[in-house]
Amino acid sequence: QSATPKGSAAHISAATQKVNGGFIASNARTTNDWPTHGLDYAETRHSRLDQINTGNVKDLGLVWSYNLESKRGVESTPLVVDGIMYVTASWSVVHAIDVRTGQRIWTYDPQVPREAGFKGCCDVVNRGVALYEGKVYVAAYDGRLVALDAATGQRLWEKDTIIDRRFSYTITGAPRVVKGKVIIGNGGAEYGVRGYVTAYDAKTGEQKWRWFTVPGDPSKPFEDESMAKAAKTWDPAGKWWEAGGGGTAWDAMAFDPELNLLYIGTGNGSPWAHKKRSPAGGDNLYLASIVALNPDTGKYVWHYQETPGDNWDFTSTQPMILADLVLDGKKRKVVMHAPKNGFFFIIDRTNGRFISAKNFVDVNWATGYDKSGRPIETEIARKGDRPREVIPSAYGARNWHSMSYNPKTGLVYMPVQGVPISLVDNKDWSFNGVRPGEPHSNMGWNLAMFANVEPPTSKPFGRLLAWDPVKQQAKWAVEHVSPWNGGTLTTAGNLVFQGTADGRFIAYNATSGEKLWETPTGTGVIAAPTTYMVDGKQYVSIAVGWGGVYGLASRATDRQGPGTVYTFAVGGKAPAPAFVAYQMSKLVEGVKYNPQHVPEGTALYVSNCVFCHGVPGVDRGGNIPNLGYMDAAFIENLDKFVFKGPAVARGMPDFTGKLSADDVEKIKAFIQGTADAIRPKK
Ligand SMILES: O=C(O)c1cc(C(=O)O)c2c(n1)C(=O)C(=O)c1cc(C(=O)O)[nH]c1-2
Ligand SMILES: [Ca+2]
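Residues numbered from 1 in each chain as written. Chains lettered and ligands numbered in written order. Predicted model: local features only at pLDDT ≥ 70, side-chain atom pairs only at ≥ 80, totals over all residues. Heavy atoms only, no water.

Topic: the pattern of salt bridges
Step number 1: As enumerated under the stated definition, the model contains 34 salt bridges in all.
Step number 2: Here Arg-166 makes a salt bridge to Asp-164, at a shortest N to O gap of 2.8 Å.
Step number 3: Exposure remark for Arg-166: the relative accessible area of 56% places this residue in the exposed category.
Step number 4: By relative accessible area, which is 23% here, Asp-164 ends up partly exposed.
Step number 5: One salt bridge in this structure joins Arg-679 and Asp-676, with 2.8 Å as the shortest N-O distance.
Step number 6: Among the charged side chains, a network of salt bridges with common partners joins Lys-6, Asp-82, Arg-100 and Asp-535. (Salt bridge = Lys/Arg side-chain N within 4 Å of Asp/Glu carboxyl O. Buried < 20%, exposed > 50% of the residue type's maximum accessible area, 1.4 Å probe, protein only.)

In structure tokens form, the structure reads like this:
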């Protein structure tokens, strides 16, 4: 008589009503479900399930695939409770899927205005939802936090989280729910914003607290003690509050229920150049830090700053993991963190004290950390006006791609990388046609990404790294064909799962790194997989869809396909969807131009186009076309795209009033000139 059909609204309602703090805590011991972004409050992404293991993983097969109808980056970790999956696609669209059938239950599209696409630095992505007491929470790209009925997808409440809409705030991160409060930060530090995190009542949406990550205008009262303390580490001559200062908390969070501490990772400075932000120097708290807050009040408890006086977009927003490690014979409660700056940190999570840091890739900006937890910087780190290659680059030695920690092997599995670019401090590039000083100006951009402006010398790479956090050394590594690979999952079946930029989903032996299984995915993978149990059977799911910041202008696979969720189980036999070959056209040829316009065209292109479109003919083009590979007719008519063009509906800015017709002529000269310069001589 328990005849509530699985997948019905009544079933979903009952299953998701149970998801609260106690549920998340007890699920951490069984991991039958995947109820929160990082699987548990500690964000371990380690599943206790072992039905799929090193012995039978070779028999994994597709059970179903689901088309997310998404053409841009898919960064979402799918949540699953009792066989109901909640996953997001680009433009913050939520899909609820019945795992038992692979069928859609509902979708919710928050209708993010497409012309707001340019407000974010790094693709119109979303990293997933939060689930709590029958509700699904999605943070939309345009800054709205929306609560949905988990059974029907109907909107229950919506809050605008943005403090000032003149500035380019966006949200890409997944909310977390801690003690009945939905916690969310935002992005925007590339354009001049002030970072903060806000807590909303999960039931009603009422705002409970807000904590700013950096101080505001010091001539006005500070919001709290932590801001007064932080302001002493900034030089007012830099008027950092006009650009906002940065420090956006756009991804990482974790929670320790015993210590009652919420941990957040904070972002880079706005503008990037330390000298501009704070001419006399200073650490500029709380940029690039791990900060512990009281989740009930939002009050600051402690911080550890990983990159004092950030100058390189070295955010500390990369996902962290809480673990109890035995260090020098003593059990320690720690935060493990591998941020963009290339060092693996162990921090005492009870008080924020630095324990150790070791570089996990080659770096050239610092030789290490001293005992007090400060980096020992090299010459190259702050050189001012000359372009030079700082390693790692702003793409990070690791970016938002999740890591996982397996307590059995004692290893952390990290997607790490090198994306070489050159950097110039103290240069005023404008961005998207907005001049420095205006809201949504560059504020942070100090890039010279050009092959012809002191090219970087290091080589790009992507790597799956198994790291021993106790010894602070690598155990094993797998080299991938490209940077920008997916997040990881590890399981009690002694497995590590990861998708790759070149379009494969792979399982490894967690102890040795031996590859045990792989399957093609039709497009590049950047998101992290999840695993869970439904009616006694273990499944593994991955949402694929090439994109994110590296995917705007680059690609690593010759196939492309829509965002798709794949679900696998032992013995699965469903056919894979057809994969589509990516069509690359020839270098543009024959556009008439004045060669004398090329230098000015170069500067205009760097300021306005390069970040999304890449270098013409040099980059291969990602989700956004490379202009070096268009037809001549397209380039000849470039003004029709630049001014109120058809691509505005896909997220391209309208440059009316920002570029002149003359500017566009010069940009055309640069595009054709570059194509001509690099075309192989006959
Ligand atoms: O400073 C910021 O506010 C901010 C926000 C975001 C974002 O929200 O996606 C990224 C970054 N910075 C960033 O530096 C970065 O490398 C990055 C990569 C990605 C992505 O989704 O691929 N987002 C972001
Ligand atoms: Ca950033």
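A few points about the UniProt feature "domain: Cytochrome c" (unreviewed entry) in the protein
Step number 1: UniProt's entry tags residues 596-675 with the feature "domain: Cytochrome c" (unreviewed entry), counted in the numbering of this structure.
Step number 2: Helix makes up 49% of residues 596-675 and strand 0%, and the two end C-alpha atoms of the span are 16 Å apart. (UniProt positions renumbered as here; feature names shortened; annotations may be inferred. Helix = DSSP H or I, 4+ residues; strand = E, 2+ residues; numbered from the N terminus.)

Some points on the coordination of the calcium ion (ligand 2)
Step number 1: Every protein donor of the calcium ion (ligand 2) is listed here as Glu-190 (OE), Glu-190 (OE), Asn-268 (OD1) and Asp-313 (OD), and their distances to the metal cover 2.4 to 2.6 Å.
Step number 2: Between the donor residues of the calcium ion (ligand 2), the gaps in sequence give the motif E-x77-N-x44-D. With Glu-190 in the loop between strand E12 (181-184) and strand E13 (196-201) and Asn-268 in the loop between strand E17 (261-265) and strand E18 (269-270), this residue pair connects regions lying 78 residues apart in the sequence.
Step number 3: For Asn-268, a relative accessible area of 1% gives the class buried. (Donors = N, O, S within 2.8 Å, 3.2 Å for Na, K, Ca; no water.)

Quick notes on the state of the cysteines
In protein structure, a disulfide is the covalent linkage between the sulfur atoms of two cysteines.
Step number 1: In the structure shown here, the tally under the stated rule is one disulfide.
Step number 2: Each sulfur of the disulfide joining Cys-121 and Cys-122 lies 2.2 Å from the other. With the S-S dihedral at roughly -100°, the linkage between Cys-121 and Cys-122 falls on the left-handed side.
Step number 3: Residue Cys-121 is classed as buried on the basis of its relative accessible area, which comes to 19%.
Step number 4: Distance from the sulfur of Cys-609, which forms no disulfide, to the nearest cysteine sulfur (Cys-612) is 9.2 Å.
Step number 5: Cys-612 gets classed as partly exposed once you look at its relative accessible area, which sits at 27%. (Disulfide = S-S within 2.5 Å.)

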